[in-house]
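One letter stands for each residue in the lines below.
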Amino acid sequence: MQNVLLRLREVVPSLSSTERQIARYILANPNETTLLTIRQLAQRTFSSPSSVVRVCRAIGFGGYKELRHALTREIAALGETGSHREQDISPQDSLQEIVDKVTRNNIQCLQDTRQLLLLDQLEQCVDLVAQARTVLLFGIGSSLCVAKDTYLKFLRLDKPCVVNEDSHSQLLQARNAKPEDVSIVFSYSGQTAEMIQCIREMKANGVPVIAVTRYYPSEVAQLADHVLYVAANESLFRNGAMSSRMSQLNVMDILYTAYASRNYEDTLRRLTRTHIAKDGAEPR
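Residues numbered from 1 in each chain as written. Predicted model: local features only at pLDDT ≥ 70, side-chain atom pairs only at ≥ 80, totals over all residues. Heavy atoms only, no water.

1. What about the pattern of salt bridges?
- Under the criterion given, the structure shown has 18 salt bridges.
- Residues Lys-101 and Asp-93 are paired through a salt bridge, measuring 3.0 Å at the closest nitrogen-oxygen approach.
- For Lys-101, a relative accessible area of 14% puts it in the buried group.
- A salt bridge links Asp-253 to Lys-153; the shortest N-O distance between them is 3.1 Å. Here the residue Asp-253 occupies a position in helix H13 (residues 242-261), and Lys-153 occupies one in helix H9 (residues 142-156), the gap between them amounting to 100 residues.
- Of the residues examined, Lys-153 reaches a relative accessible area of 18% and is grouped as buried.
- Through salt bridges with shared partners, a single network forms among Asp-158, Asp-266, Arg-269 and Arg-270. (Salt bridge = Lys/Arg side-chain N within 4 Å of Asp/Glu carboxyl O. Buried < 20%, exposed > 50% of the residue type's maximum accessible area, 1.4 Å probe, protein only. Helix = DSSP H or I, 4+ residues; strand = E, 2+ residues; numbered from the N terminus.)

What follows is the structure, given as structure tokens:
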């Protein structure tokens, strides 16, 4: 499945005002869109056929006919679940409603990320990590939290990895990187200036770069050798990188588990040896 609606939601911020109007119309009226010609859709959105084509190409389709056919198949396969929308928090919400909305939104975010993951890209990323001398981790803000969590995971398996907390140290880390290393750069927006600079430095050194970022035509995605896409529609109350952080953590859990499973018995031995028993608990 080509996930037309999910891709549209993710690229909306990058589109022009006219193109956003087209994308939002399709998102709000997916069933109706499958019955419209390109000229009819342009009329409904006060745009032009060429603008419709640009929206199609922004999410990986050659033209409107290809998008419409994919959308028809998606609606048939998913039914109502294909046109879900994030439930934002309102002042009238009770505590139970907040619990339910946040939980549903996080679950939806993880499901959307699953649909965006390309298995061939994931396999290549696992290969790079397995072969690398050192895994170099990059991120600032909430993405740094994901980088540090990833560091702890690989540390338990005795996979050499490095994470620095400030952007200047990360830039030095990038400039000292070698082709036998691999870098994982976390940037949900894909436009973080510090991360772009680090990637440019590593590309100049011949270091393979894996980007964990949103499905979006960003500079981070364009510069990286491999991209693991994550989904996260951050609303006003959730714009503190809530669902994007969860998506990134989930993708790294997947990458880590895929890497660890390649040497299953050795992984179990390392996890047992590195387990730190808590007071009063029996060691594993």
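Moving on from the model shown.
2. Digging into the nonpolar core
- Of all hydrophobic cores here, the largest spans 48 residues; its most connected members are Val-4, Leu-8, Leu-41, Ile-59, Phe-138 and Met-202.
- Residues in contact with Leu-41, not counting those within four places in the same chain, are Ile-22, Tyr-25, Ile-26, Leu-36, Val-52 and Tyr-64. (Core = buried A, V, L, I, M, F, W, Y, C linked by side-chain atoms within 4.5 Å. Contact = heavy atoms within 4.5 Å.)

3. Focus on the packing of aromatic side chains
- Taken as a whole and judged by the stated rule, the model has 3 aromatic pairs.
- Note on Phe-154 and Tyr-256: the rings are 5.9 Å apart at their centroids and 75° apart in plane angle, and the pair reads as edge-to-face. You can see Phe-154 sitting in helix H9 and its partner Tyr-256 sitting in helix H13, a full 102 residues away along the chain. The exposure classification of Phe-154 matches that of Tyr-256, with both residues buried.
- Each ring, one from Phe-154 and one from Tyr-259, has its centre 5.5 Å from the other, and the planes form 70°; the classification is edge-to-face. Placement of Phe-154 in helix H9 and of Tyr-259 in helix H13 is noted, with a sequence separation of 105 residues between them. Each of the two residues, Phe-154 as well as Tyr-259, counts as buried.
- Site record: aromatic cluster; members linked through ring pairs are Phe-154, Tyr-256 and Tyr-259. (Phe/Tyr/Trp six-rings, centres within 6.5 Å; stacked < 30°, edge-to-face > 60°.)

4. Details of helix H11 (residues 193-204)
- Taking 1.5 Å of rise per residue, 12 residues should cover 16 Å, and H11 covers 17 Å from first to last C-alpha, within 8% of that figure.
- Three or more residues of H11 are buried, namely Met-195, Ile-196, Cys-198, Ile-199 and Met-202. Considered in projection along H11, the buried side chains sweep an arc of 160° and stay on one side of the axis. Exposed residues pointing more than 90 degrees away from the buried face of H11 are listed as Ala-193 and Ala-204.
- Where the residues of H11 are buried, they touch strand E1 (135-138), helix H10 (167-175), strand E3 (182-186), strand E4 (209-214) and helix H12 (219-223). (Expected span 1.5 Å × (residues − 1). Arc of directions from axis to C-beta.)

5. Observations regarding a nonpolar patch on the surface
- Together, Leu-95, Ile-98 and Val-99 make up an exposed nonpolar region whose accessible area comes to about 270 Å².
- With respect to the helices and strands, the residue Val-99 is situated in helix H7 (residues 95-116).
- A residue is classified by how much of its surface remains accessible, and Val-99, at 41% relative accessible area, is partly exposed. (Patch = residues over 30% accessible without salt bridge, like charges linked within 9 Å, V, L, I, M, F, W, Y side chains within 5 Å. Areas by Shrake-Rupley, 256 points an atom, 1.4 Å probe, with all protein chains shown as cover.)

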